[in-house]
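Residues per chain, in single letters:
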Amino acid sequence: MITLQLAARRSVFYWPYGISGATANATRSAASRLLARSIAITVIVLLSIMPGSGAAACNPRPGSVSRWKLQKHDGVSWLVDPCGERFFSIGVNSLTDILWPPPTLRWDRERDAWLPPDRAPDAWASRTVARIRAWGFNTAGSFSPPNLPLPSLPDLDLGWRAHLLWTDPFDPAVENRITVRTREAVNQFKDSYRIGYFSDNEVGWWNGALFSYYLRRPGTSYTKQALIALIRHHYGDDWRRFTADFVVGSGISSFQELLQSADARANLRAGGNGIKLIREWSFAVTRRYYELVHRALRKADLAALIFGDRLPSYYDPDAVRAMAPFVDAIATNYDVDTPDGWIAHYYFDGLRQLTGNKPVLISEWYFAAQENRSGNLNIGHLMTVRTQAERARGAASAARHFALVPGIVGLHWFEYYDEPRGGRAGDHENYNFGLLDTAGRPYEDLITALTATNHSLADLHQSASRRTSVNRITRIQIPEADVDARSLSLAQWPKDQALVQGLSARAPEVAFGDLFLAWSPQGLHLATISMDHY
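Keep in mind that what you see is a predicted model, and the values were worked out from it rather than measured. (Residues numbered from 1 in each chain as written. Predicted model: local features only at pLDDT ≥ 70, side-chain atom pairs only at ≥ 80, totals over all residues. Heavy atoms only, no water.)

Draft legend 1. Focus on the overall build of the protein. Within the protein, the secondary structure is distributed over 14 helices and 19 strands. For the protein, the proportion of contacts with a sequence separation of at least 24, taken over those separated by at least 6, is 72%. Carbon together with sulfur atoms contributes 53% to the accessible area of the protein, which is approximately 23,100 Å² in total. (Helix = DSSP H or I, 4+ residues; strand = E, 2+ residues; numbered from the N terminus. Contact = heavy atoms within 4.5 Å. Areas by Shrake-Rupley, 256 points an atom, 1.4 Å probe, with all protein chains shown as cover.)

Draft legend 2. Representation of the nonpolar core. Residues Ile231, Phe242, Phe348, Trp365, Phe402 and Leu435 are the most contacted members of the largest nonpolar core, which totals 120 residues. Among the elements that take part in this core, helix α9 (residues 274-300) stands out by supplying 11 residues, more than any other. Not counting residues up to four positions away in its chain, the partners in contact with Phe402 are Tyr334, Val336, Ile343, Phe348, Ile362, Trp365, Ile408 and Leu411. In terms of nonpolar packing, the next biggest core, distinct from the first, is built from 14 residues, Cys58, Trp68, Phe87 and Leu153 among them. (Core = buried A, V, L, I, M, F, W, Y, C linked by side-chain atoms within 4.5 Å. Buried < 20%, exposed > 50% of the residue type's maximum accessible area, 1.4 Å probe, protein only.)

Draft legend 3. How the structure looks around the sheet that holds strand β17 (residues 408-413). Across the sheet, which stays open at both edges, the six strands sit in the order β7-β6-β17-β14-β13-β12 with parallel pairing between neighbours. With partners counted over all chains shown, the strands left at the sheet margins are β7 (139-140) and β12 (311-312), one partner each. Looking at chain direction, strand β13 (residues 330-333) and strand β14 (residues 360-365) are connected through four bridges and run parallel. Among the inter-strand pairings, Thr332 is bridged to a residue of β14, identified as Ile362. (Pairing = 2+ DSSP bridges.)

Draft legend 4. Structural context of the environment of Leu215. Mapped onto the elements of the fold, Leu215 is located in helix α5 (residues 207-215). For Leu215, a relative accessible area of 1% corresponds to the buried category. When the C-alpha positions of Leu215 and Ala266 are compared, they lie 8.0 Å apart, and in sequence the two are 51 residues distant. Sequence-distant contacts of Leu215, that is, excluding residues within four places in its chain, are made with Lys224, Leu227, Ile228, Ile231, Leu258, Ser261, Ala264, Arg265 and Ala266.

Draft legend 5. Fine view of unusual backbone geometry. The peptide bond linking Phe414 to Glu415 adopts the cis configuration, its omega dihedral lying at 15°. Structurally, the position occupied by Glu415 is in the loop between β17 and α13 (444-462). A cis amide bond links Ala507 to the next residue, Pro508, at an omega of 10°. Looking at where Pro508 falls in the secondary structure, it is placed in the loop between α14 (495-498) and β18 (513-520). Backbone geometry at Ser313 places phi at a positive 60°, although glycine is not the residue there. Examined against the element boundaries, Ser313 turns out to sit in the loop between β12 and α10 (317-323). With relative accessibility at 1%, the residue Ser313 sits in the buried group.

Draft legend 6. Structural context of the packing of α5 against helix α6 (residues 222-234). Running from N to C, α5 and α6 point in directions that differ by 110°, and their axes come no closer than 9 Å. Our classification of the angle between α5 and α6 gives roughly perpendicular. Seen from above, α5 lies across α6 with left-handed handedness. Between α5 and α6, the contacting residues are Phe211, Tyr214 and Leu215 on the first element and Thr223, Lys224, Leu227, Ile228 and Ile231 on the second. (Axes fitted to C-alpha atoms, helices over the stretch in contact; angles between N-to-C directions. Parallel < 35°, antiparallel > 145°, perpendicular 65-115°, else oblique. Left-handed = near helix turned anticlockwise from the far one by under 90°.)

In structure tokens:
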């Protein structure tokens, strides 16, 4: 029996031999729930009068250039604030005074305008920052206004703003355009207590799409010309070698015709090795983007750190290789792997290998629950549990697991408010992601759990040790586990004990999944959390 669950960004495969017994779920009485809620509210009130955490004492003078740095200490990566103190960034995204910002270019890519976040009312900003500091947060994440008295990491949407993405990135005029647009975008944040910048959000870099899209451009496109030049070089200007790897659309029989034909098609031929060319093109396009963004940001704000384009809980290895020389740290959004908050090893091990151990910042993470006060339906594949109590436990566990990865320098929660009933404008995403519901009331279980955890994250990170790869395995210990074959979740698995160490891939590839083995009287159980980037 094979059970398969496919997600848009990550796949979870579970392959059990035999079926194990069901696990009973404990229940709590109504009286216990009431007592727990009362305790939670009390804890929130007490913590709200405690001093805030993280960089509260380091406030550069207004108008001064604040330079943040990155450093490693005993194999553990850290941000370092302008006062020289180590800083683990615990942020909140969409930290605004309204339920959801009005639609901007994020939802209307064709508009020749870019709307920066509105300035939040000063009284609201002061109250809100005091509140989230009490909860252990210390950073204003993406999609937040520029006037919050917190270290910040804004998303500038530079690729969209400069008409670079999915247009004609090899056009010589692009560099001047992105330089001008970057200067405009940075001006509102440059004198604030900013750490650095995200260049865009979830660009994606889907390799097949990059190849097909630009092949269909007209011959006047500079990027189409660059693609055909790459194809000719890759195949030694031999059309027959190219068509041994690709099935070309009818009516095209030469490289010149391929260039001049708008809406040209070339599909991978079975048994060929055309994917090697597609990956080479992905590297070329993404390198062009990161190099242009790097130069523009260095001109606009020399002291700021560059965090890249917030990978979408997925990465293409070729794009990450292209990115590495042009960013100070890798930003990735992340969909937590299991409801109990466990984090897959392969994802961050792969980033470490591909980038030469660049630091990583979790630019977006979340937990949702079907039980919520905003009426969120949570339709989709993103991490969703049943109750707010489960949400609180899973989120706190995930935060601790993130902090114990040596290369991670911070994690930013998505988001301050729940998404609105009926979904947000543009894509209608409708999730219980908020620290607050749509009426502005905190989720007490979640806040209590994250408050206690947030205040411990810097110490946990201090204790993180460098993960080392095991290249040779002489013995595999397979733990016994009562695994339910009907469950697609790995929450029941003893994941750290069942994880098979030492998986490797032939250079320059990286292992793109974790493999687990466990046994029970019913049989041998296998599972994997993995991605497929083709």
